[in-house]
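Inside the fold
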Amino acid sequence: MNAKSVAFFCVTAWTLLSSTVALADTTADVIDSGPLKKNGAKQLNVLFEDSTDDKPQHAWLQGVSNENVVWKKSLPLKFPVNTAKTDVICRKGRIEVVSQYPGSAAYTNQTFTWDGEKVTFVSKKDGDPSQEQVDKLMKLAVSGTHQQLSDFANDEHVIFYPGNYINTDNVKAMLTAGRKKALALASAHKAQQAAQRMEICLDASMELCYLEGEEGETKTAPAKWIEAWSEDRIALPSTFWKPILKDYSTLLKASGKLKQASAIANAAKDDSSKKRN
């Protein structure tokens, strides 16, 4: 390659690289920016530089008039953002950069002040509205009442990326936690409370299976629980849920509910037992 070709190659490569970087940068308008100082600009936006690693991007608060940048100030991000799903919002005179993680409902909210001269980082808050619904249901399974669970079921729930939240692991965790609490009550000679706790836990696990909005066809226990656990996205193994139903049957029997205990025990029989019968 001669000197002229090398020079042409370098210029072409630099042009392509510069073009790629420019296209990768992202600008987001500041929503509800009315209360913020604009220093002669008509509106505000934030320019996020593209990032190729896990470090926070370079970002600038910009004053814009007639699509021209009048001024720009460094906005000191402390954590990286997913520019494909990031909003910049003015709340109570502060700038919030809210960024949602890829493939998840989880987000990070970084808050800044702007005094007209400098942008200053204030705080960071993490959240996940979908996980909050699961956590609330988990709490009800362990310590909630029938009425509280009913109130939860009657509310509307929006779950983004349901596969991350309505899954086998979360159902197992819920049943394990509720079972542990029920057995602790039984050890304290509170059989009736233990049976109630187990029932609420089982109902809560069913609610989790249908948290995206669908409902099962079966309305009676224990078939309604087994139907929910058999949903394709859950596919809870019988080796996991049968011992739990056996414990529930034992608790019902101890609390004097013999007929109900028998029905639960029949559903919890091992396959091998069914074959022998």
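Residues numbered from 1 in each chain as written. Predicted model: local features only at pLDDT ≥ 70, side-chain atom pairs only at ≥ 80, totals over all residues. Heavy atoms only, no water.

Moving on, we come to the environment of Asp32. Tracing the backbone shows Asp32 in the loop between strand S1 (26-31) and strand S2 (43-48). We classify Asp32 as exposed; its relative accessible area is 56%. C-alpha of Asp32 to C-alpha of Ile95: the two residues are 63 residues apart in sequence and 9.8 Å apart in space. (Helix = DSSP H or I, 4+ residues; strand = E, 2+ residues; numbered from the N terminus. Buried < 20%, exposed > 50% of the residue type's maximum accessible area, 1.4 Å probe, protein only.)

In contact at an axis separation of 10 Å, helix H2 (residues 129-143) and helix H3 (residues 146-154) are set at 160 degrees when each is read in the N-to-C sense. Viewed along their axes, H2 and H3 adopt a mutual orientation that is roughly antiparallel. Remark: the crossing between H2 and H3 carries left-handed chirality. Taken together, the residues of H3 that come into contact with H2 (itself represented by Gln133, Lys136, Leu137 and Leu140) are Gln148, Leu149 and Phe152. Considered class by class, the residues forming the contact of H2 with H3 number four nonpolar, two polar and one charged. (Axes fitted to C-alpha atoms, helices over the stretch in contact; angles between N-to-C directions. Parallel < 35°, antiparallel > 145°, perpendicular 65-115°, else oblique. Left-handed = near helix turned anticlockwise from the far one by under 90°. Contact = heavy atoms within 4.5 Å. Nonpolar A, V, L, I, M, F, W, Y, C, P; charged D, E, K, R; others polar.)

Quick look at unusual backbone geometry now. Of the consecutive residues Ala221 and Pro222, the connecting peptide bond is found in the cis state with omega at 0 degrees. Among the secondary structure elements, Pro222 is positioned in the loop between helix H5 (191-209) and helix H6 (223-229). Phi at Asp32 is positive, roughly 55 degrees, even though this residue is not glycine.

If you trace the backbone, Thr111 turns up in strand S7 (residues 107-114). Residue classification places Thr111 among the buried positions, given a relative accessible area of 10%. Setting aside residues up to four positions removed in sequence, Thr111 forms contacts with Arg94, Ile95, Glu96, Thr120, Phe121, Val122 and Ser123.

Glancing now at the sheet that holds strand S3 (residues 59-65). The strand order across the open sheet formed by eight strands is S4-S3-S2-S1-S5-S6-S7-S8, and the pairing between neighbours is mixed. Looking at strand neighbours, the two that pair on one side only are strand S4 (68-74) and strand S8 (119-127), the edges of this open sheet. Averaged over all adjacent pairs, the angle separating strand axes in this sheet is 25 degrees, with direction ignored. Of the pairings in the sheet, the one linking strand S5 (residues 86-91) to strand S6 (residues 94-100) comprises six bridges and is antiparallel in character. Each residue of the ladder has a partner; that of Asp87, found in S6, is Val98. (Pairing = 2+ DSSP bridges.)

What follows covers the side chain of Ser65. Relative to the assigned elements, Ser65 resides in strand S3. Its relative accessible area of 12% is what places Ser65 among the buried residues. Separated by 3.1 Å, the side chain of Ser65 and the backbone nitrogen of Lys42 make a polar contact. Aside from chain neighbours lying at most four places away, what touches Ser65 is Gly40, Ala41, Lys42 and Val70. (Polar contact = N/O pair within 3.5 Å; in protein donor to acceptor, adjacent residues only side chain to side chain.)

Here we take up H2. Because each turn of an α-helix spans 3.6 residues, side chains separated by three or four positions end up pointing in the same direction. Taking 1.5 Å of rise per residue, the 15 residues of H2 would be expected to cover 21 Å, and the 21 Å separating its terminal C-alpha atoms lies within 8% of that figure. Of the residues making up H2, those classed as buried are Ser130, Val134, Leu137, Leu140 and Ala141. For H2, the arc enclosing every buried residue in end-on projection is 120 degrees, short of the 170-degree limit, so these residues lie on one face. Summarising the contacts, the buried residues of H2 are in contact with H3, helix H4 (168-187) and H5. (Expected span 1.5 Å × (residues − 1). Arc of directions from axis to C-beta.)

With that out of the way, let us pick up the packing of aromatic side chains. For any pair of aromatic rings, the description consists of the separation of the ring centres together with the inter-plane angle of the planes. This model, assessed by the stated rule, comprises four aromatic pairs. Between Phe112 and Phe121, the aromatic rings sit 5.6 Å apart at their centres with planes inclined by 70 degrees, giving edge-to-face as the arrangement. When its relative accessible area of 25% is taken as the criterion, Phe121 is described as partly exposed. Pairing Trp225 with Tyr248 gives two aromatic rings, centres 5.8 Å apart and planes at 65 degrees, and the pair type is edge-to-face. One end of the pair, Trp225, is in helix H6; the other, Tyr248, is in helix H7 (residues 238-254), with 23 residues separating them in the sequence. Overall, Tyr248 belongs to the buried group, its relative accessible area being 0%. For the cation-ring pair, Lys72 lies above Trp60, with the distance from its terminal atom to the ring centre recorded as 4.6 Å. Over the ring of Phe79 we find Lys124, and its NZ or CZ is 4.1 Å from the ring centre. (Phe/Tyr/Trp six-rings, centres within 6.5 Å; stacked < 30°, edge-to-face > 60°. Lys NZ or Arg CZ within 6 Å of the ring centre and 35° of its normal.)

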